[in-house]
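The chain contents come next:
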Amino acid sequence: MRYAETGFNLEIDLSRGNIERVATDPRDTELYLGGLGTNAKILWDRVPPDIDAFSPENLLIFGTGLLCGTAATGCNRTIVTTISPQTKLMAFSMMGGYWAPELKYAGYDKVILRGKSPDLVYLWINNDKVEIRDASHLQGKGAIETAELIKKELKQPKAQVSAIGLAGENRVFYASIEQGRSSASRGGIGAVMGDKGVKAIAVRGTQDINVARPAEYMELCYEVLDYIKWREDNPIPGVIPILAILGSPQEMAIHNEQWHTENFSWGNARLRRKGFWTEEVSDEWLETMNKARTRLISCYNCPVACGASISMPGLPTYMMKCFTKLTYTMAAMSNLDFGLTIAQRATEYGVDGYSTPQVMAFALELLENGILTHKDFPEMPEDNEGRFFYLLDKIVNREGIGDILANGTHWAAKEIGNGADAYAHNNIKKHEQLPLKLSMLNPIYFLMYCTGEKMNITQIEGQFPQAPFPKKEHREKFVKDWFQVPDDKFKQYFLDWELRGENSNPYYPTPEIACDIVDWQERMHYIDDALGMCAGLSSFHLKPPYHIHNIPKFLSAGAGFDMDEDKLSQAAKRYRTLVRAINIRRGLRRKDEKPPEDHWKKRFPELEKELLDTYYNYKGWNEEGIPTEASLHELGLDFVGQDLIQRGILTAGEDTLSKEASEVKETN
Amino acid sequence: MSDAKQKKIVKTIKIDVDKCHGCRACEMICSAFHAEPKYSSNNPARARIRVIRDPLRDVYVPVYAGEYTVAECAGRDKYTIEGKEYDECAFCRASCPSREEFKEPDSGLPLKCDMCEGEEEPLCVKWCTVDALVVEEREEEVEEQVEQEDLEVGLESLADKYGMDKILDAVARLSKKDEV
């Protein structure tokens, strides 16, 4: 018997209309766990580097986390993996909600889509019965609207639906996949779904998910649940509100937005709006939120309600979470009322709440600076709010300038030319980033921005405080009950980290220490992404309920294979390296691994080089960021090593660069 | 038979639909507790509690499995509370032919909440950390006599309708059935 997982994937060939239920190899589960790990293995095996995002041979994989559907609190994530049209690298965006557990109960760990459907279709997975159904009547419908219509026509109110809106249908490079309460938004995976001609996947499941050692597993689940309750009553002092409590993060519940509104360079700006958060703004936003928010809502089997249902007057209800609350509002320099109103349309269209407002602000900057002209924006309203609505419609419909903007700031700037490049200033690996512009280089964040392959800082940071605590006694108090650290040395790192003086940014943490810290933070995220754990209860947070010491026990008792901290870390390193290898094979090199030029004002080229060199070495990668043959061997990834050697990316028996690969290749 | 008053413990689960976040941890833990062996599997479709959930209409109704019924109701109720319309049968506890709730997914056998016998409190309550589900226990005094009276009132009405002979025949037939 298979435990925690079902042992079956659903393989759907959309070109031929073929559906197969395929048994998976349990040895892959031990090596790559599940979710992101096994998704990466499939992508490596089946999508060679010459296949682009919109090729029929590209795969779109909906993978559930290994522990989804079990009693583990907050373990409900779907990891969607494909090739991104925007970055041309591997995309692995994720969503919470209810879809992953439902798919497990239907009897599958993953849905793997290949080919392209000639007509718009949706998939209906009802336990053993799987159908490809006509979706021509859903063409152009909103993502939330689509889910409702499908549940109604199937007479299945309990079905869980993942759907795309018009943005996905029109292959907007930052189109999302929406699932009511949640969305998988980064990397343009909604565009791939639209390209495959799939409007939605509806799932209903009524079968069992088994765990190997039930009593032991439940005890672990209770420990976590009790700790969550304890943390609710004991927020962490001295950090900003969203970091003090658990959640992913709790933007719907927390009202005080001084920190975020004033410390981010919203839209496409380079400056922060100090003094924005006045009492007047605070009162107005509170009133708007109280009127709009009908209820705080959770994902499957999680008591932390990070989302909310939002009802704006005269508009259909939708559900919101996290930063979409702020991104449109702040980019348009408007108020929350506007932000919640445009987010309704954006959610139905199915677009990423990070990239979209940034692209729109970028377009308006180009207009202000004469790179684009009023002719490019026929009949555009005068006011900011009106312009944002106008641009959203143009982008999603790919009309006029919207067709160019729909590819994101990197590609739009290239196409527009005429100096537009300078305005696409906030990208890493061609993908729009959180709009932060800071002063002093932070060595930990430098490494995370450079080497992150999830393309989003929030998906790699966590565990370790974002900044030093000014007072020693506060640091001492913080480390006292910090049992989540993999090793006590991390406590010392934090104790020694000071706001000013010798032990402060950028020279402390030292490159060696920064490597330890970054590796720990990244590892915990990769573990979550394989198990389907929400980062809001785990890797994103300081002192979370799930950590390196209890997760191996969950795996042993839940999935039934022997696991300990070392073995778990090794497994995470294995598929993390596989993700890197996929991207290396697609052209990713050291030159791509850099934060936006203007991310920090104070930069230190020599130190930055040392940081990256040290980190690459720490990870077992050569100076180009390519995993070496020896490190691949150590991880049992000899087949990757052989492939990279065959392609001339690595040279056999040499742990440095091959000659061919050292020639700088332009990938764009 | 004595008229002495008897004491019994009445357990009530208080359901506050305003506090429900719709996470369905109650369904999850219920299915795990009632799995064989205990906690060996999860499957909300086997749960004896269901959250009737329709987020876009802000409908969240945790409802418990009650008695099995062979026939569906002739007329059904639809409630509107504070402008929110609830599906027909939303508040009904019955395992009944008109809907899929509260039936074992494989066998179709009816499910019924047993308040997690043997546990200090029903586990759905324990897992509902937002207190949408809270258990309350109270002692009630009941007179045994009452039941007898109820029975006699019922029988009398049946006798009025069908005649005493038919009732006696039916009782005889039923008791024979029990012997077999």
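Further up the page is the structure itself.
Reading the values: the criteria
- Every chain begins its residue count from 1, and numbering advances along the sequence as written.
- Going through the entries in the order they are written, you letter the chains from A and number the ligands from 1.
- Since the coordinates come from a predicted model, pLDDT governs what is reported: local features require at least 70, and pairs of side-chain atoms require 80 or more to be given and counted, while whole-chain, interface and lining totals use all residues.
- With hydrogens and water excluded, all non-hydrogen atoms of the structure serve as input to the side-chain values.
- The secondary structure listing takes helices from DSSP runs of H or I that are at least 4 residues long and strands from runs of E that are at least 2 residues long, numbered from the N terminus.
- With C-alpha atoms as the basis for the radius of gyration, the globule rule is written as 2.2 Å multiplied by the number of residues raised to the power 0.38.
- Here a cavity is any set of points on a 1 Å grid over the protein atoms alone where a 1.4 Å probe fits but cannot get out, and a pocket is any open set with protein on both sides within 12 Å along at least 5 of 7 lines; a residue lines the site when it has an atom within 4 Å of a point.
- Grid points are joined across faces, edges and corners, and a volume is the space filled by probe spheres set on the points.
- Classes in brief: Ala, Val, Leu, Ile, Met, Phe, Trp, Tyr, Cys and Pro nonpolar; Asp, Glu, Lys and Arg charged; the others, Gly included, polar.
- Buried, partly exposed and exposed residues are distinguished by accessible area as a fraction of the type maximum, computed with a 1.4 Å probe on protein chains only: under 20%, between the cut-offs, and over 50%, respectively.
- We call two residues in contact when some of their heavy atoms are within 4.5 Å.
- Throughout this description, a polar contact denotes any pair of N or O atoms lying within 3.5 Å of each other; where both atoms belong to protein, one of them has to be capable of donating a hydrogen while the other can accept it, and for residues adjacent in sequence the pair is counted only when both atoms sit in side chains.
- Note on terms: buried area is the combined drop in 1.4 Å-probe accessible area of two parts once they are placed together, counting the loss on both.
- Definition used for salt bridges: Asp or Glu carboxyl oxygen within 4 Å of a side-chain nitrogen of Lys or Arg.
- A pair of strands is considered paired only if DSSP assigns at least 2 bridges between the two.
- Expected span, for any helix, means 1.5 Å times one less than how many residues it has.
- We call a set of buried residues a nonpolar core when its members are Ala, Val, Leu, Ile, Met, Phe, Trp, Tyr or Cys and they connect through side-chain atoms within 4.5 Å of each other.
- To obtain an axis, a line is fitted to C-alpha atoms, over the contacting stretch when the element is a helix, and the angle between two such axes runs from 0 to 180 degrees between their N-to-C directions.
- Patches were defined on residues exceeding 30% relative accessible area and lacking a salt bridge, with like-charge contacts within 9 Å and nonpolar side-chain contacts (Val, Leu, Ile, Met, Phe, Trp, Tyr) within 5 Å.
- With residues, only the protein chains shown are counted as cover, and all accessible areas are computed by Shrake-Rupley using a 1.4 Å probe.
- We count Lys and Arg on the positive side and Asp and Glu on the negative side, and we leave His and both chain ends out.
- Where a charge lies is defined by one atom per residue type, namely NZ (Lys), CZ (Arg), CG (Asp) and CD (Glu).

Enquirer: Hey, could you go over the overall build of chain B for me, with residue numbers and the actual values?
Expert: Each helix and strand counted, chain B has four helices and seven strands in total. Along its sequence from the N terminus, chain B presents helices and strands in the succession β-α-β-β-β-β-β-α-β-α-α. What you see for chain B is a C-alpha radius of gyration of 20 Å, clearly larger than the 16 Å of a compact globule of 180 residues, by over 25%. If one aligns the C-alpha atoms of chain B with their principal axes, the spans along those axes are about 55 × 40 × 40 Å.

Enquirer: Tell me about the layout of surface pockets, and name the residues and values.
Expert: If you add up the space inside the second largest pocket, you get close to 1,100 Å³. Looking at the second largest pocket, it is lined by 29 residues, and the ones nearest its centre are A:Gln156, A:Pro157, A:Lys158, B:Arg57 and B:Asp87. Of all the secondary-structure elements, those providing two or more residues to the lining of the second largest pocket are α4 (143-154) of chain A together with β3 (49-54) of chain B. Counting residues per element, the lining of the second largest pocket draws most heavily on β3(B), which supplies four residues. Residues belonging to the lining of the second largest pocket are distributed by class as follows: seven nonpolar, three polar and 19 charged.

Enquirer: Describe the environment of A:Glu178, with residues and values.
Expert: Residues and elements named next belong to chain A. Within the secondary structure, Glu 178 is located in strand β10 (residues 177-179). What makes Glu 178 buried here is its relative accessible area of 4%. For the pair Glu 178 and Gly 350, spaced 172 residues apart in sequence, the C-alpha to C-alpha distance is 6.3 Å. Once residues lying within four places of it in the same chain are set aside, the contact partners of Glu 178 are Ala 143, Ile 144, Val 161, Ser 162, Ala 163, Ser 183, Thr 347, Gly 350 and Val 351. A polar atom in the side chain of Glu 178 sits 2.7 Å from the side chain of Ser 176.

Enquirer: Report on the side chain of B:Arg46, specifying residues and quantitative values.
Expert: Take B:Arg46: it is sitting in the loop between β2 (41-42) and β3. Side chain to side chain, B:Arg46 and A:Asp208 meet in a polar contact 2.9 Å long. A distance of 3.1 Å separates polar atoms of two side chains, one belonging to B:Arg46 and the other to B:Asp106.

Enquirer: Any chance you could break down the interface of chain B and chain A for me, citing the residues and the numbers?
Expert: Contacts between the two partners involve 35 residues from chain B, matched on the other side by 39 residues from chain A. Carbon and sulfur atoms make up 51% of the area that chain B and chain A hide from each other, which totals about 3,100 Å². The largest share of the area that chain B buries against chain A comes from B:His21, B:Leu56 and B:Trp127, three residues that together contribute 22% of it. At the surface where chain B touches chain A, the tally comes to four salt bridges. Residue B:Asp58 is joined to A:Arg295 by a salt bridge in which the shortest nitrogen-to-oxygen separation is 2.7 Å. For the side of chain B that touches chain A, the elements supplying multiple residues, two or more each, are α1 (25-33), β2, β3 and α2 (123-127) of chain B. Residue classes in the side of chain B that touches chain A are distributed as 16 nonpolar, seven polar and twelve charged. Here two bridges tie strand β13 (residues 209-210) of chain A to β2(B), and the two strands are oriented antiparallel to one another. From the neighbouring strand, A:Ile209 faces β2(B), where its bridge partner is B:Asn42.

Enquirer: An account of helix α14 (residues 384-397) of chain A is needed here, citing residue identities and associated values.
Expert: Residue and element names in this part refer to chain A. Taking 1.5 Å of rise per residue, the 14 residues of α14 would be expected to cover 20 Å, and the 20 Å separating its terminal C-alpha atoms lies within 8% of that figure. Taken as a whole, α14 has its buried residues at Gly 386, Arg 387, Phe 388, Phe 389, Tyr 390, Leu 391, Leu 392, Lys 394, Ile 395 and Val 396. Its buried side turned inward, α14 meets α5 (166-169), α11 (324-331), α12 (336-349), α13 (355-368) and α15 (401-405). Of the residues trailing α14, Arg 398 is marked for its positive phi of about 50 degrees.

Enquirer: A description of the nonpolar core should follow, citing residues and the corresponding values.
Expert: A:Leu33, A:Phe62 and A:Ile201 are the most contacted members of the largest nonpolar core, which totals 220 residues. In terms of residue count, helix α20 (residues 511-531) of chain A provides more of this core than any other element does, eleven residues in total. If you look at the next biggest cluster of nonpolar residues, it comprises 20 residues, including B:Val51, B:Tyr60, B:Cys124 and B:Val125.

Enquirer: So what's going on with the sheet that holds strand β5 (residues 90-95) of chain A? Residues and values would help.
Expert: Residues and elements named next belong to chain A. Taken in spatial order, the six strands make up an open sheet running β2-β1-β6-β3-β4-β5, and their pairing is mixed. At either margin of the open sheet sits one strand with a lone partner, and together these are β2 (18-23) and β5. Taking each pair of neighbouring strands and ignoring which way they run, the sheet shows an average axis angle of 15 degrees. Here five bridges tie strand β1 (residues 8-13) to strand β6 (residues 110-114), and the two strands are oriented parallel to one another. Each bridged residue has a counterpart across the sheet, and for Ile 12 the counterpart in β6 is Leu 113. Sitting on the sheet, helix α3 (residues 99-106) touches β3 (60-64), β4 (78-83) and β6, and the angle it makes with β3 is about 85 degrees.

Enquirer: Any chance you could break down the sheet that holds strand β14 (residues 293-297) of chain A for me, citing the residues and the numbers?
Expert: Residue and element names in this part refer to chain A. Taken in spatial order, the three strands line up as β14-β15-β16 in an open sheet, and their pairing is antiparallel. In this open sheet, the two strands that pair with only one neighbour each are β14 and β16 (318-321). On average, each strand axis in the sheet is inclined to that of its neighbour by 30 degrees, with strand direction left out of account. Against the sheet, helix α10 (residues 279-292) contacts β14 and β15 (307-310), and its axis sits at roughly 75 degrees relative to β14.

Enquirer: Which residues make up a nonpolar patch on the surface, and what are the values?
Expert: Residues and elements named next belong to chain B. A cluster of nonpolar side chains, namely Leu 151, Leu 155, Leu 158 and Tyr 162, defines an oily patch on the protein surface of about 370 Å² accessible area. Inspection of the secondary structure assignment puts Leu 155 in helix α3 (residues 144-162). Judged by its relative accessible area of 38%, Leu 155 falls in the partly exposed class.

Enquirer: Can you break down helix α17 (residues 443-451) of chain A residue by residue, with the values?
Expert: Residues and elements named next belong to chain A. With nine of nine residues buried, α17 lies mostly within the body of the structure. Turning to α17, the residues buried within the fold contact β17 (427-428), α20, α22 (565-585), β20 (600-602) and α23 (605-619). Sitting at the head of α17, Asn 442 places a side-chain oxygen 2.9 Å from the backbone nitrogen of Ile 444.

Enquirer: Before we move on, could you go through the pairing of strand β4 (residues 59-64) of chain B and cite the residues and values that matter?
Expert: Along a regular strand, successive side chains alternate from one face of the sheet to the other. Residue and element names in this part refer to chain B. Extensive coverage of β4 is indicated by the burial of six of its six residues. What you see with β4 is no split at all: Val 59, Val 61 and Val 63 on one side and Tyr 60, Pro 62 and Tyr 64 on the other are buried throughout. Taken together, the six bridges between β3 and β4 define a ladder with antiparallel strand orientation. When the sheet's bridge partners are listed, Asp 54 is paired in β4 with Val 59.

Enquirer: Tell me what's going on with a negative patch on the surface, and back it up with residues and numbers.
Expert: Residue and element names in this part refer to chain B. On the surface, a cluster of negative charge is made up of Glu 139, Glu 141, Glu 143, Glu 149, Asp 150, Glu 152, Glu 156 and Asp 160. Contributions of two or more residues to the negative patch are made by β7 (133-143) and α3. No other element matches the five residues that α3 contributes to the negative patch. Locating Glu 139 in the fold gives a position in strand β7. Given the relative accessible area of 52%, Glu 139 is considered exposed.

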